Structure formats: structure tokens, C-alpha cells
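Working through the structure, step by step
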Amino acid sequence: MSSTKLLTLKTSDGEEFKLDEAVAVKSQAIKNMVEDDCVSNAIPLPNVDSKTMTKVIEYWKKHSEEGVSKDQLNDFDKGFLEVHHSVLYDLLLAANYLNDKELVDVICQEVADRIKGKTPEEIRKEFDIKNDFTPEEEEKIRQENAWAFD
Amino acid sequence: MAEWSQLPRELIDLISKHLLTEIDFLRFRSVCSSWRSSVPPKPYLSSPSRFPILPNDGISITENSWGFRLSKSPLYLLHSPNQTTSSNKNNHGWIVKLDRENLLNPLSRSQFKPLPLNFPKILDSSNYPILELCQEYTLQFIKYRPMANSIADAGNLYMEKVAVRLEKDGFVLLTIHVSGKLVMYRSGDIKWEIVDELSLPYDDVIMKDGNFYAVDNTGKGVLVKLSCGETPELEVVANSVFGGDKKFLMESCGDLLMVDKYLSIGPEDDLGYNENVEFYEEFDSYMSERTVKFKVYKLDGDMQRWVEVTKLEDRMLFVGDNCTFSVLVSELDSRCKGNCILFADQNFCSTEDSGGLWKNHGIGVFSLENGSIGPVSSFRGYAELFWPPPPWICSPQPIDAELNELKI
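Residues numbered from 1 in each chain as written. Chains lettered and ligands numbered in written order. Predicted model: local features only at pLDDT ≥ 70, side-chain atom pairs only at ≥ 80, totals over all residues. Heavy atoms only, no water.

Digging into the overall build of chain B
So the rule is basically this: Only DSSP runs of H or I with at least four residues qualify as helices, and only runs of E with at least two residues qualify as strands; both kinds are numbered from the N terminus onward. Classification of residues uses two cut-offs on accessible area relative to the type maximum, computed with a 1.4 Å probe and protein chains only: under 20% is buried, over 50% is exposed, and between them is partly exposed. Only the protein chains shown count as cover for residues, and the accessible areas themselves come from Shrake-Rupley with a 1.4 Å probe.
Summing up its helical and strand segments, chain B has six helices and 24 strands in all. Across the 408 residues of chain B, 51% fall into the buried class. In the structure as shown, chain B presents an accessible area of about 19,300 Å², 50% of it carried by carbon and sulfur atoms.

A word on the nonpolar core
Rule in force here: The definition of a nonpolar core used throughout is a set of buried Ala, Val, Leu, Ile, Met, Phe, Trp, Tyr and Cys residues joined through side-chain atoms within 4.5 Å. Residues are treated as being in contact if the distance between any of their heavy atoms lies within 4.5 Å.
Met53 and Trp60 of chain A together with Trp4 and Trp35 of chain B are the most contacted members of the largest nonpolar core, which has 52 residues in total. Excluding residues that lie within four positions of it along the chain, Met53 of chain A makes contacts with Leu9, Thr11, Phe17, Leu45, Val48, Trp60 and Leu98 of chain A. Counting 43 residues, the second largest nonpolar core, distinct from the first, contains Ile23, Val96, Ala344 and Ile363 of chain B.

What about the sheet that holds strand 3 (residues 43-45) of chain A?
All names here are of chain A. Test applied: One requirement defines pairing of two strands: DSSP has to find at least two bridges between them. Convention adopted: a line fitted to C-alpha atoms gives each axis, helices being fitted over their contacting stretch, and angles between N-to-C directions are expressed from 0 to 180 degrees.
Spatial ordering of the open sheet is given by 2-1-3, a layout of three strands whose pairing is mixed. A strand with exactly one partner marks an edge of an open sheet, and here the two such strands are strand 2 (16-20) and strand 3. Within the sheet, the average angular offset between the axes of one strand and its neighbour, ignoring direction, is 30 degrees. Judged from the three bridges that link them, strand 1 (residues 6-11) and strand 3 form a sheet pairing that is parallel.

Notes on the pairing of strand 16 (residues 246-252) of chain B
Residues and elements named next belong to chain B. The buried fraction of strand 16 is high, at five of seven residues. Pairing geometry for strand 16 and strand 17 (residues 255-265), over seven bridges, is antiparallel. Residue pairing in the sheet places Phe248 in a bridge with Val259 of strand 17. In sequence, strand 16 turns back onto strand 17 through a hairpin of two residues, with Cys253 there showing a positive phi of about 50 degrees.

Examining the pattern of salt bridges
Residues and elements named next belong to chain A. Heads up, the rule is: Note on definitions: salt bridges are taken to be side-chain nitrogens of Lys or Arg within 4 Å of carboxyl oxygens of Asp or Glu.
Throughout the structure, instances matching the rule amount to 27 salt bridges over all chains. Its salt-bridge partner being Lys125, residue Glu121 comes within 3.8 Å of it at the nearest N-O pair. Here Glu121 pairs with Lys125, and both are found in helix 7 (residues 120-127), just four residues apart, close to one helical turn. Overall, the relative accessible area of 39% leaves Glu121 in the partly exposed class.

Side note on helix 5 (residues 85-98) of chain A
Residue and element names in this part refer to chain A. Worth spelling out the cut-off: What a helix should span is 1.5 Å times the count of its residues minus one.
A rise of 1.5 Å per residue sets the reference length of helix 5, with its 14 residues, at 20 Å; its end C-alpha atoms lie 20 Å apart and thus fit the reference within 8%. Among the residues making up helix 5, those that are buried are His85, Val87, Leu88, Tyr89, Leu91, Leu92, Ala94, Ala95 and Leu98. Directly beyond the C-terminal end of helix 5, a positive phi value near 60 degrees is found at Asn99.

Geometry only, nothing functional implied.
As C-alpha cells, then:
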């Protein structure tokens, strides 16, 4: 068995996570650091908290497992993404910071799925977004959404 | 604290790229200021569409034609804004097709009129949960009329299906010439191009996932590869099935389906639906053809064949004159059962009944469950999907709320 190198990741709240290098390099950012050979100590990740890092590692580990079928992965992803939008938000920013394109894409798809078919007001409720349009913008939007009938 | 409006611009843009329909994209840009400014509007989103007039060269039908106008009519499934009244039996979805300021029959080009007296003159679509079902593209002949004020009043409908792929700076269009050949047109071209000289007549074309597919009248399915600057190539994706009389392509839940329509020409049965010839005057010659059944196939790309689908479960397939789409029964929120096909059929136009309402709208239903076929009014819960407009359209909620506030 080849030796697996363990990396240490340190999150913004000081917690340390030990992880196989082979798994951790799903993050292009970490991969770059490994290749540039600056990983003697723990890799600092000041933009990710431990709660979010735990989730990200859970995803990476599942997607690195051997013998997992495509259906099983899909089921895992579905359950993994069934979270409050604030968790999704933190996950999205973390995945973006860590530069894991696949995870970013999966999360964006989930966000899009929560948007599809909803009215703008329903979308705002879903994500706790404030309507910050100026009256001029509101008027333009009203025109864009207006259907006129003969 | 999750501040979705504060997301980096590139992430907002990436999310918007996962929205596949124009209406979802429009609504995305109507949520908040940063989302709106992070994502520029896409071209060709407005309805009525403003497509250029296409040249006649290479596809001339009559000597007098000047060209073609391409128009786009979106089809939507609307739901009541008031989701809390879900126990109300009138809360089913409403399928509409918009064409400029008119409501068209979703499965044909006939117009629903007159609109009810209390139908809103201007409807704020952002109040309603909407699912975009498909975009129907049609070509109209433009005859040269120097006195015409607008092109809009000139055309005669070109009666073959049109599939369109929007590209960054224009579009590509695939349709079937009256001779049955596949023809394509790329915006900016001077003339049409014939894709397949030596083929049997084609029945249908479709654009799915950015690819063009076509099916000929034997059921042979082809992928039409239209790469920029190169001659179009055809790749067989499914072998012929023969079978019925007219083949249709449709996308449903990610699959490419082929719907095969079986016609029978002969004496009318005793349903007596041969009134109202003027409803579809172009179709005189078809009056004696009746649809008797359908078969549905799913594409098995690996094995290069169509596999028959005998159970659609909770899916409903809609086969219109110029568009096809599928809906899940759960999306309709209605009393309808799935596992059926709704289709345009001029044999199902009845005269107005005593209430002054058109009963059947030229729509029929075929049940895959037991093979029964008939006009839409003879199946519970289907006719109301189309007409009349549900009550929540004619009395939109916001006005009620305002009236409440004023205590009127």
C-alpha cells in the first residue's frame, strides 16, 4: 500500500482537520499549495469555519470512495444538499474559496432548483433576500413582467 | 448570516446559468438589485419576438413570397398565487400560449376569444408561479405588400415544425420543407440550406439540450450536426420503426421520446364531430382522417433504437401542431390522471353548446392505460386546463388586498 500523505487544514475558528492529500486536492487551491510545496505545517483556511469544513470534507470523502455507484452518489448529494439556505450559502462560499469547481456547480444547481418556477417574491422568501430595488427599477421590472391583452 | 444578495458576481452568474427557461431567468433578475446587475439580460427574450425576416432563397414555395418571418410564442403553466387555498377544487394549473396580446390554444394556432369580461387587460406575471413548458416557433410567409403598416398582418402560416437554437450572436433554425426535406437557416445567411437531399420525408424536428434531432416518416431518428462553417451532418440515433402515420418528437423528463400517431381514413363514427369546417379552413382535406391511437417510444441511444413505452406513469404528453411538451400530473395540481396524450385534432371541434362555450377546442385525449380516445370534454379534469381561465386570474390577489386595506 502506498504511503498516504496526511494534510492538516486549519479553519478560521482554529480547529484542525487531518485529511488524505489525495482527497484534499479536490480543492484546486489546496492542490496548488501542495504543488508549490508550501505545506510544511497546517494549511490555513481563514475563510472557512469548522462547521462548513466538516460538511465539505464529508462531501469529498464520499466522492472519493471506491465502489460507490452513480445512483448512490446522487442519493448522497440529494441528502447532503437538503439544508437550510444559510448552510448552503456558507458551503457555496467555501467551495468557491477552496476552488472545487465540481462542488460549486452542484451547489449552484441546488440553488437554481430552489428558484425554478417561483415568483420573485417567493424566491426572496426562500433565501431571505430583501427587495432593494429603486422605484425606477421596480417600474422597469413591472413592465418586463407585464402581459398585455387585447 | 447568509446574504445571498452579497454573493460574488461570478457565483450569481453561475447560478443563473443553471436556470434553463427564459421565465426563470427573467424572475432571477427581478429578485434584488445585485442579482439584476450581475447578470445582463439575454437577447431574444421579449415576446412578441423581433426576429429578422428570413430570405426566400433556396426554399421558395410560391413566386410571390417575399420571405419568412419567424415568431415565438411561449407556453406556460400558471398556478394560483394563493397557495393556501389548495383545498379549493378550482386551484388547478392553467396552460396558456401567448402570442402578442392574444391567448392561443396551446395545441394549435387558433385564438381563445372573446376573453371573459373581467379578464385583466394587463397581467403582472410575476405574481404567479409559472413553469415554462416550451417555446413554440412558427414561420409565416411574408407577401410583399407596400401598403401594409406592419409585417405582422401579412403572413400565412408555414405548416411545418420549426426547431430553433439560440446562439450568442443569432440563431440556427431547422425545419422541414414541404417536399419533406430537412432545411436549415443560420441567422445572417442569404439563403436556406438543404440538409439531406436523398432522404425519405421528415415528420418532425426538435431541439434538445442544444442538439437538433429529426425523425422521418418511417421513424428513423437522426441527430443533425450543424457546426459553424461546415456542411451539416446526419447521424442515425435510432432505426426505423414504421408503424403509424405521423411521428412526433418530444422531450420529457430528460428523455427523447417519439410519439407515433395512427390515423384512419374512413366514414365518421357516430360521435358526429364533422361540424364547424370553418374552424380550421386550411384543413379541409383532412376532415376524413381520424386519430385512432398513439404509440410512445423512448430513445435508447446506445442500442440505436426506439424502445416502446407502454406506461407513462404520471406523465402527460401534449402533441400540438407546432410544439410538443410533457407535464407531470403533480405539476398540474388537477384531477387529471397521467399516462395519457393530449393532441390537436380538428375532428374534436364542436359547435358552441348552450352556454356559449366551446367545449372541445380541437383537443383530444388518448389514454395509454386502456387505449380510449375521445374529445377532451369526455375526460374529467382535462378541458379546464385550457379554458376558461381559472377564477384566480380574473380576480388577482393584490387588488383584493388593496381593496381590503381601503375597506371597500
